[in-house]
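# Chain and residue survey
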Amino acid sequence: TNTGSNGQQYRSNGAGGGSWVSSGDFASVHLGAATDNAAATTLTAQDTWYPIAGTWVVGPQDIMTGATTGLITCTTAGTYSIEASMSIIASTSGDTFNFSLLVDGAYVAATPRIRRKIGTGGDVGAMSIHHVITVTAGQTLGIGAAALTAEGADAPPAGTTVTVENASFSGTLLISS
């Protein structure tokens, strides 16, 4: 690995070639900056992951790209640091909701699953997700919610809605592969 004058690194492919890559790839998106997001995510079926609903605002980005769907596209294969913080409300009370990082729209078993039980009335839950993950170029990252039957009596019923009122989601390339 060699470092150029602009901070990029030259990565050899082991076959006499290689490419210059940026070590500062990042992107961010957020929900509910000026007013709370009101778009609910409907958990139509239990044990299924659904992307968080709402029109996300694309924040700062470089090389990686964010989208108003809440997805971040990793343009470089490598290991990324992912951070998300959010506040949530639900259409039911006393139920435990699960949130996680989605890769290409699917839950990845190796990623952390964060649980949050929402109480009665106007309870607003807060949570964060931090994870380091290796992906290939072109894969998308997003945040999803699920009603898992593993929660037993606290599992939200099918058709329950959860609303992420405010969220910040970002990814940063740690090292390209």
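Data block above holds the structure.
Residues numbered from 1 in each chain as written. Predicted model: local features only at pLDDT ≥ 70, side-chain atom pairs only at ≥ 80, totals over all residues. Heavy atoms only, no water.

### Some points on the overall build of the protein chain
Each helix and strand in the protein chain was counted, giving zero helices and 16 strands. The buried share of the protein chain, taken over its 177 residues, is 41%. Here the analysis covers contacts within the protein chain between residues at least 6 apart in sequence; of these, 72% occur between residues at least 24 apart. When the accessible area of the protein chain is evaluated, it comes to approximately 8000 Å², of which 53% is carbon and sulfur surface. (Helix = DSSP H or I, 4+ residues; strand = E, 2+ residues; numbered from the N terminus. Buried < 20%, exposed > 50% of the residue type's maximum accessible area, 1.4 Å probe, protein only. Contact = heavy atoms within 4.5 Å. Areas by Shrake-Rupley, 256 points an atom, 1.4 Å probe, with all protein chains shown as cover.)

### Digging into the pattern of salt bridges
Counting across every chain of the model gives three salt bridges. Salt-bridge contacts for Arg 115 lead to Glu 151; the nearest nitrogen and oxygen are separated by 2.7 Å. Here Glu 151 lies in the loop between strand 15 (140-146) and strand 16 (160-176) and Arg 115 lies in strand 13 (residues 113-118), a separation of 36 residues in the sequence. Close ionic contact of Asp 154 with Lys 117 constitutes a salt bridge, the shortest N to O distance being 3.3 Å. Taken together, the residues span a long stretch of sequence, with Asp 154 in the loop between strand 15 and strand 16 and Lys 117 in strand 13 at a distance of 37 residues. (Salt bridge = Lys/Arg side-chain N within 4 Å of Asp/Glu carboxyl O.)

### Section: the environment of Gly 125
Structurally, Gly 125 is set in strand 14 (residues 125-135). Of the residues examined, Gly 125 reaches a relative accessible area of 0% and is grouped as buried. Separated by 40 residues in sequence, Gly 125 and Glu 165 have C-alpha atoms that sit 9.9 Å apart. Not counting residues within four places of it along the chain, the set of residues in contact with Gly 125 comprises Met 86, Ser 87, Ile 88, Arg 116 and Ile 118.

### Focus on the side chain of Thr 96
Inspection of the secondary structure puts Thr 96 in strand 11 (residues 95-103). The residues contacting Thr 96, other than those within four sequence positions of it, are Arg 115, Arg 116, Lys 117, Glu 151, Asp 154 and Pro 156.

### Points about unusual backbone geometry
Unusually for a residue other than glycine, Asp 47 sits at a positive phi of about 60°. Here Asp 47 is to be found in the loop between strand 5 (41-43) and strand 6 (50-51). The residue Ile 63 is not glycine, and still its phi comes out positive at about 75°. Along the polypeptide, Ile 63 turns up in the loop between strand 7 (57-62) and strand 8 (65-66).

### Some points on a nonpolar patch on the surface
Together, Val 132, Leu 174 and Ile 175 make up a nonpolar patch on the protein surface, roughly 260 Å² of accessible area in all. Along the chain, Val 132 turns up in strand 14. (Patch = residues over 30% accessible without salt bridge, like charges linked within 9 Å, V, L, I, M, F, W, Y side chains within 5 Å.)

### Notes on the packing of aromatic side chains
A complete count under the given rule lists one aromatic pair for this structure. With a centroid separation of 4.8 Å and an interplanar angle of 10°, the aromatic rings of Trp 49 and Tyr 107 are classed as stacked. Residue Trp 49 is located in the loop between strand 5 and strand 6, and its partner Tyr 107 is located in strand 12 (residues 106-107); the two are separated by 58 residues in the primary sequence. (Phe/Tyr/Trp six-rings, centres within 6.5 Å; stacked < 30°, edge-to-face > 60°.)

### Some thoughts on the side chain of Thr 160
Relative to the helices and strands, Thr 160 is located in strand 16. From its side chain, Thr 160 meets the backbone oxygen of Pro 157 in a polar contact 2.6 Å long. Those residues in contact with Thr 160 that lie beyond four places of it in its chain are Thr 41, Thr 42, Leu 43, Ser 91, Thr 92 and Phe 97. (Polar contact = N/O pair within 3.5 Å; in protein donor to acceptor, adjacent residues only side chain to side chain.)

### So, the environment of Thr 75
Examined against the element boundaries, Thr 75 turns out to sit in the loop between strand 9 (72-73) and strand 10 (78-90). Taking the C-alpha atoms as reference points, Thr 75 and Leu 173, 98 residues apart in sequence, are found 9.8 Å from one another. Setting aside chain neighbours within four positions, we find Thr 75 in contact with Asp 25, Ile 63, Met 64, Tyr 80, Ala 137 and Gly 138. Separated by 3.2 Å, the side chain of Thr 75 and the backbone oxygen of Ile 63 make a polar contact.

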